[in-house]
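# Residue-level structure breakdown
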Amino acid sequence: MDLVAFLNGLGTLTFAATGALVGVRKRFDLIGVMILASVTAVGGGSIRDVVVGFLPPAALRDDALLWGVALTGVATFYLHRYLGRLERTLYALDTLGLALFAALGAERGLTYGLGVWGVVFAGTVSGVGGGVLRDVLSGEVPGILYRAGDLYASAAAAGALVVYLLYGLDPGLSLVAGALTTMLLRFGSRWWGLRLPVPRG
Amino acid sequence: MDLVAFLNGLGTLTFAATGALVGVRKRFDLIGVMILASVTAVGGGSIRDVVVGFLPPAALRDDALLWGVALTGVATFYLHRYLGRLERTLYALDTLGLALFAALGAERGLTYGLGVWGVVFAGTVSGVGGGVLRDVLSGEVPGILYRAGDLYASAAAAGALVVYLLYGLDPGLSLVAGALTTMLLRFGSRWWGLRLPVPRG
Amino acid sequence: MDLVAFLNGLGTLTFAATGALVGVRKRFDLIGVMILASVTAVGGGSIRDVVVGFLPPAALRDDALLWGVALTGVATFYLHRYLGRLERTLYALDTLGLALFAALGAERGLTYGLGVWGVVFAGTVSGVGGGVLRDVLSGEVPGILYRAGDLYASAAAAGALVVYLLYGLDPGLSLVAGALTTMLLRFGSRWWGLRLPVPRG
């Protein structure tokens, strides 16, 4: 599980950095940037844990992780010009975080006995919940609701569904397959122009 | 309890349809419309269950209901032009859902030992919480805060209060009386022009 | 503990009044003003209690307090012109409420075994969570994110940190020191122009 913990930390800190960057672009002050970093990093998993009843949420008990989030927030606040140049790296790491959180979130849902839609919810909210809180707090409509050309919540949901379907076969394999599904769909929307339908008429 | 389950399903699917319609009108994509449908349908009851500590929330455990919500979301996405014509039917069904959720939410609050205001909160948030989440996610100020001429949250609160007052007498009767109170107040605001006061000066 | 209960009530009713005043200024109707009053008054502590798993939240079980919140909401609705003149008093009482909620919220976090960041979160969200919900529901970006010259969330966080650091020494002393820290920082931002940094470049 060391690799999972490492990837989980990497994904969380990436989310913290992207959340902090949004705060910087909105000209929020230092505490505002820190709040956005924290909410983006640990908000999704915390909503999932509140909903399944795993309290206090895992992230709130993990002080090493929260130190990382806080330091990432401060570093992004002061060094945002350098970080802003790493857009492609952040995009890749953000997709990795999304994929991992969706797969692990789905597993948490299975552990708590949820059915297919409960598991899909647990995986999806783990992946996208932090970003939704970040957008709502920033006064924006959450991007996951309308960015038809950037598969994000749908990629997380598909990954969680794969975990649900394959978990009985082999838990470890199902997590890998779920995460790969999410990554493939997200990168696919950029590489091959996969798009979701929008309403007609 | 078969009738209650049937009405609960009908109310939930109606909320899913009205949530999906908001997403369609905002030109959200398919996943955005599905998210708004789900949040509107099961958000209120889920907030109530999280707050009283009934975890995971009832709706998340009910896969049949969630299949219905998902199918309603997809159907509304593709058939919204036909659904848009049923405005009066949707209004009536939405009022039915509001009344039922408020009454059942109040009962849940009583079961968990809450006092009068806790019960009123549990009933009201069950009825209006999903719509509030839908409005906030869509970037709108929740309609329940300012639509003085369309009694909605106040109708739910009044219904929950009636359940609180009559429950000791007869639980079944109190639920019916509570739901009727909510319906009467909501329809009354349309039929007889009942209005809430707005601030002066 | 009588003094703590008294101060807690005073802080809660002050938050109810400031929340209701926002609703009045937005021209919300009576139920909208009541909802904003309630959410502002008990939202922060309730988020904290949900997150640590103290369910139902303390405020929802305290009917006397909720009667006070409801009456404060109604009184503010009808008498807002008189209340609006008490701006300096409300500012002072609001700061007292913030300081007290942050200190008591930090204590709750310690009781539930959280580490330093968990305790800082529990204290901060107790102090500012209600105001954040109020702002989001009103369609505003939460003031705590960008008001660099009015230390608020940062003052609450610093107070919670002081409680965390001194609690082992003497619980009562740590609460007083934490609350004083919050008050000093907030008043300090007004008196001496303490400011948080904002992003450069």
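Predicted model only: the values in this text are computed from it and were never measured. (Residues numbered from 1 in each chain as written. Chains lettered and ligands numbered in written order. Predicted model: local features only at pLDDT ≥ 70, side-chain atom pairs only at ≥ 80, totals over all residues. Heavy atoms only, no water.)

### With respect to the overall build of chain A
The test is simple: Each helix is a run of H or I in the DSSP string that is no shorter than four residues. Each strand is a run of E no shorter than two, and both are numbered from the N terminus. The reference for a compact globule is 2.2 Å times residues^0.38; the radius of gyration itself is calculated from the C-alpha atoms.
Helices and strands together make up the secondary structure of chain A, namely eight helices and zero strands. In chain A, the order of α-helices and β-strands from amino to carboxyl end is α-α-α-α-α-α-α-α. Taking 17 Å as the expected radius of gyration for a compact globule of 201 residues, we find that chain A reaches 16 Å, a close match to that expectation. The principal-axis extent of the C-alpha atoms belonging to chain A is close to 45 × 45 × 30 Å.

### Focus on the packing of helix α7 (residues 153-166) of chain A against helix α8 (residues 171-191) of chain A
Residues and elements named next belong to chain A. Short version of the rule: Axis definition: a line fitted to C-alpha atoms, over the contacting stretch in the case of helices. Angles run 0 to 180 degrees between N-to-C directions. To sort the angles, those under 35 degrees are grouped as roughly parallel, those over 145 as roughly antiparallel, those from 65 to 115 as roughly perpendicular, and the leftovers as oblique. We call a crossing left-handed when the near helix sits turned anticlockwise from the far one by less than a right angle, and right-handed when that turn is clockwise. Every residue pair with non-hydrogen atoms within 4.5 Å of one another is taken to be in contact.
One can describe the packing of α7 onto α8 by two numbers: an axis separation of 8 Å at closest approach and a directional angle of 155°. In terms of their interaxial angle, α7 and α8 are classed as roughly antiparallel. Our pair here, α7 against α8, has a crossing hand that is right-handed. Together, Ala155, Ala156, Ala158, Gly159, Val162, Val163 and Leu166 of α7 and Ser174, Leu175, Ala177, Gly178, Thr181, Thr182, Leu185 and Arg186 of α8 make up the contact between the two elements.

### Side note on the UniProt feature "transmembrane region" (unreviewed entry) in chain A
All names here are of chain A. Short version of the rule: UniProt positions are given in the numbering used here, feature names are shortened, and annotations may be inferred rather than shown by experiment.
Those places that UniProt annotates as "transmembrane region" (unreviewed entry) correspond, in this numbering, to residues 6-24, 31-52, 64-83, 90-106, 112-133, 145-167 and 173-193. For residues 6-24, helix accounts for 100% and strand for 0%, while the C-alpha atoms at its two ends are 27 Å apart. Segment residues 173-193 splits into 90% helix and 0% strand. End C-alpha atoms: 28 Å apart.

### Observations concerning the relation of the copies chain C and chain A
What counts is decided by this rule: Our superposition of the copies is a least-squares fit, built on the C-alpha atoms of residues whose pLDDT is at least 70 in both.
The transform that puts chain C on chain A rotates by 120° and translates by 0.0 Å along the axis, for an RMSD of 0.0 Å. Seen this way, the second copy is the image of the first under a three-fold rotation axis. When the interface residues of chain C are mapped onto chain A, a mere 11% of them again fall at the interface, so the copies present different faces.

### A short note on the relation of the copies chain B and chain A
Each copy superposes on the other: chain B lies on chain A with an RMSD of 0.0 Å after a rotation of 120° and an axial shift of 0.0 Å. In this assembly, only 12% of the residues forming the interface of chain B have copies in chain A that are likewise at the interface, indicating a heterologous arrangement.

### Brief notes about the packing of aromatic side chains
Our working rule: When two rings of Phe, Tyr or Trp (its six-membered ring) have centres within 6.5 Å they constitute a pair, described as stacked for plane angles under 30 degrees, edge-to-face for angles over 60, and tilted for the intermediate range. Burial classes: relative accessible area under 20% of the type maximum marks a residue as buried, over 50% as exposed, and values in between as partly exposed (1.4 Å probe, protein chains only). Look at NZ for Lys and CZ for Arg. If either is within 6 Å of the ring centre and within 35 degrees of the ring normal, a charge sits over the ring.
Evaluation of the coordinates by the stated rule reveals 21 aromatic pairs over all chains. Their ring planes at 15° and their centres at 5.2 Å tell us that Phe187 of chain C and Trp191 of chain C sit as a pair that is stacked. A residue pair is termed a helical-turn pair when its members lie 3 or 4 positions apart in one helix, as Phe187 of chain C and Trp191 of chain C do in helix α8 (residues 171-191) at four residues. Given the relative accessible area of 17%, Phe187 of chain C is considered buried. Taking relative accessible area as the criterion, Trp191 of chain C reaches 55% and is therefore assigned exposed. Through a chain of ring-to-ring contacts, three or more aromatic side chains come together here, namely Tyr91, Phe187, Trp191 and Trp192 of chain A. Above the face of the Phe54 of chain A ring, Arg61 of chain A is positioned so that its terminal group lies 4.6 Å from the ring centre. Here the guanidinium or amino end of Arg190 of chain C rests over the ring plane of Tyr91 of chain C, the centre of that ring lying 3.8 Å away.

### With respect to the nonpolar core
For soluble globular proteins, nonpolar side chains are generally found buried alongside one another. Let me state the cut-off plainly: Here the nonpolar core consists of buried residues drawn from Ala, Val, Leu, Ile, Met, Phe, Trp, Tyr and Cys, with membership extended through side-chain atoms lying within 4.5 Å.
Formed by 163 residues in total, the largest nonpolar core has its most connected members in Val128 and Ile144 of chain A, Val128 and Ile144 of chain B together with Val128 and Ile144 of chain C. Every residue in contact with Val128 of chain B, bar those within four places of it in the chain, is listed here: Leu98, Ile144, Tyr152, Ala153 and Ala156 of chain B.

### Describing the pattern of salt bridges
As a working rule, side chains carrying opposite charge can pair if their charged atoms are close by. Put simply, the test is: Salt bridges, as used here, are contacts in which a Lys or Arg side-chain nitrogen is within 4 Å of a carboxyl oxygen on Asp or Glu.
For the structure shown, the criterion picks out 18 salt bridges over all chains. Here Arg186 of chain C makes a salt bridge to Asp94 of chain C, at a shortest N to O gap of 3.4 Å. Taken together, the positions of Arg186 of chain C in helix α8 and Asp94 of chain C in helix α5 (residues 87-111) put the pair 92 residues apart, joining distant regions of the chain. The burial state of Arg186 of chain C is the same as that of Asp94 of chain C; both residues are buried. Overlapping salt bridges bring together Arg48, Asp49 and Arg108 of chain A as one network.

### A short note on the interface of chain C and chain A
Let me state the cut-off plainly: Values labelled buried area give the accessible surface lost by two parts on being combined, using a 1.4 Å probe and summing over both. By the criterion applied in these results, polar contacts are pairs of N or O atoms within 3.5 Å in which, for protein atoms, one can donate a hydrogen and the other can accept it, and in which residues neighboring in sequence qualify only through two side-chain atoms.
On the chain A side, the residues contacting the 28 residues of chain C number 25 residues. Together, the buried faces of chain C and chain A total about 2300 Å²; carbon and sulfur atoms form 73% of this surface. Of all residues in chain C, the largest losses of buried area upon contact with chain A belong to Trp117, Leu145 and Pro199 of chain C, amounting jointly to 32% of the total for that side. There are zero salt bridges connecting chain C and chain A. Here chain C is connected to chain A by six residue pairs in polar contact (both at pLDDT 80 or more). Only α2 (30-52), α6 (116-137) and α7 (153-166) of chain C provide two or more residues apiece to the side of chain C that touches chain A. It is α6 of chain C that provides the largest number of residues to the side of chain C that touches chain A, a total of six residues.

### Observations regarding the interface of chain B and chain A
Interfaces are frequently sized by the accessible area removed from exposure as the parts join. Note the threshold: Throughout this entry, Asp, Glu, Lys and Arg are counted as charged residues, while Ala, Val, Leu, Ile, Met, Phe, Trp, Tyr, Cys and Pro are counted as nonpolar. The remaining residues, Gly among them, count as polar.
Counting residues at the interface gives 25 residues for chain B, matched by 28 residues for chain A. When chain B packs against chain A, the two sides together hide about 2300 Å² of surface, and 73% of this comes from carbon and sulfur. Seen at the junction of chain B and chain A, the total is zero salt bridges. For the interface between chain B and chain A, the tally reads six residue pairs in polar contact (both at pLDDT 80 or more). Sort the elements by how many residues they give to the side of chain B that touches chain A and helix α4 (residues 63-84) of chain B lands first, with eight residues. Here the side of chain B that touches chain A is composed, by residue class, of 17 nonpolar, four polar and four charged.

### Quick word on the packing of α5 of chain C against α6 of chain C
All names here are of chain C. The interhelical angle for the contact between α5 and α6, taken along N-to-C directions, is 145°, at an axis separation of 7 Å. Of the two possible hands of crossing, α5 and α6 adopt the one that is right-handed. On α6, the residues touching Leu98, Phe101, Ala102, Gly105, Ala106, Gly109 and Leu110 of α5 are Val119, Ala122, Gly123, Ser126, Gly127 and Val128. In terms of residue class, the contact of α5 with α6 is built from eight nonpolar, five polar and no charged.

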